[in-house]
Amino acid sequence: MRIRPTEPRDLDRFREITIAAFEGVSIDQRVEEAFGAFHGHDWRWRKGQAIRADWEREPSGIFVAEIDGEVVGGITTWHDAEAGIGFIPNLAIDANRRGEGIGRKLIEHAVDHFRQLGLSVARIETLAHNEVGNHLYRAVGFEEVARQVHFAMRLERTS
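Residues numbered from 1 in each chain as written. Predicted model: local features only at pLDDT ≥ 70, side-chain atom pairs only at ≥ 80, totals over all residues. Heavy atoms only, no water.

**Overview of the pairing of strand 5 (residues 121-124)**
Of the pairings in the sheet, the one linking strand 4 (residues 85-93) to strand 5 comprises four bridges and is parallel in character. Within strand 5, the position partnered with phenylalanine 87 by the bridge is arginine 123. Taking the sense of rotation as the criterion, the β-α-β connection linking strand 4, helix 4 (residues 102-116) and strand 5 turns out right-handed. (Pairing = 2+ DSSP bridges. Helix = DSSP H or I, 4+ residues; strand = E, 2+ residues; numbered from the N terminus. Right-handed = clockwise from strand over helix to strand, strands pointing away.)

**Notes on the packing of helix 1 (residues 11-21) against helix 3 (residues 43-57)**
Two elements in contact, helix 1 and helix 3, have axes whose closest approach is 9 Å; the angle formed by their N-to-C orientations is 135°. Classified by the angle their axes make, helix 1 and helix 3 are oblique. For helix 1 against helix 3, the interelement crossing comes out right-handed. Touching Leu11, Phe14, Arg15, Thr18 and Ile19 of helix 1 are Trp43, Arg44, Lys47, Gly48, Ile51, Arg52 and Trp55, all from helix 3. Here the contact of helix 1 with helix 3 is built from residues that sort into six nonpolar, two polar and four charged. (Axes fitted to C-alpha atoms, helices over the stretch in contact; angles between N-to-C directions. Parallel < 35°, antiparallel > 145°, perpendicular 65-115°, else oblique. Left-handed = near helix turned anticlockwise from the far one by under 90°. Contact = heavy atoms within 4.5 Å. Nonpolar A, V, L, I, M, F, W, Y, C, P; charged D, E, K, R; others polar.)

**Topic: helix 4**
Between its terminal C-alpha atoms helix 4 stretches 21 Å, which fits the 21 Å expected from 15 residues at 1.5 Å a residue. Within helix 4, burial applies to Ile102, Gly103, Leu106, Ile107, Ala110, Val111, His113 and Phe114. Turning to helix 4, the residues buried within the fold contact strand 1 (2-5), strand 2 (62-67), strand 3 (70-80), strand 4, strand 5 and helix 5 (131-139). Just downstream of helix 4 lies glycine 118, where phi reads positive at about 80°. (Expected span 1.5 Å × (residues − 1). Buried < 20%, exposed > 50% of the residue type's maximum accessible area, 1.4 Å probe, protein only.)

**So, the environment of glutamate 58**
Locating glutamate 58 in the fold gives a position in the loop between helix 3 and strand 2. Taking the relative accessible area as the measure of exposure, glutamate 58 reaches 11% and is therefore buried. Sequence separation between glutamate 58 and valine 149 is 91 residues, and the spatial gap between their C-alpha atoms is 27 Å. Looking at glutamate 58, its side chain comes within polar contact range of the side chain of histidine 79, at 2.7 Å. (Polar contact = N/O pair within 3.5 Å; in protein donor to acceptor, adjacent residues only side chain to side chain.)

**Quick notes on the pattern of salt bridges**
Tallying each qualifying case throughout the model produces 19 salt bridges. Ionic pairing is found between arginine 138 and glutamate 144, a salt bridge with its closest N-O pair at 2.7 Å. Through salt bridges with shared partners, a single network forms among Arg2, Arg4, Glu7, Arg9, Asp10 and Glu66. (Salt bridge = Lys/Arg side-chain N within 4 Å of Asp/Glu carboxyl O.)

Now the structure itself:
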């Protein structure tokens, strides 16, 4: 397995892997379950847009895992140099390759990237019911520091 910086040609495959990986652990999916699809797009489209936004924000902070020339996972990062914080918004592994340590290696690569940037803290978020993520993040050294509750409400048009 090789971890390398992403290239524009990787983005479609990375989006595909990410959308599949976030099934059941996406805030947008939860909103959609409560209110239905809205504004002409479903949660999968929104997750794909999040990957695009990560690319636009900091393309040099996105890395993919490649096995035999195939992208099998990826991680997005961005950083605030002034605050000394590195953020990991998205980590996803192809369903057929989960359990092989790819996620761990991608996180370790991202953390090394943050160290090279001279940052002091790495942050990652997940939902409480994402048992795999919660286990993995603790296993690589992250500590739970807070819990957050997400609320949503449907906005009705007023005339």
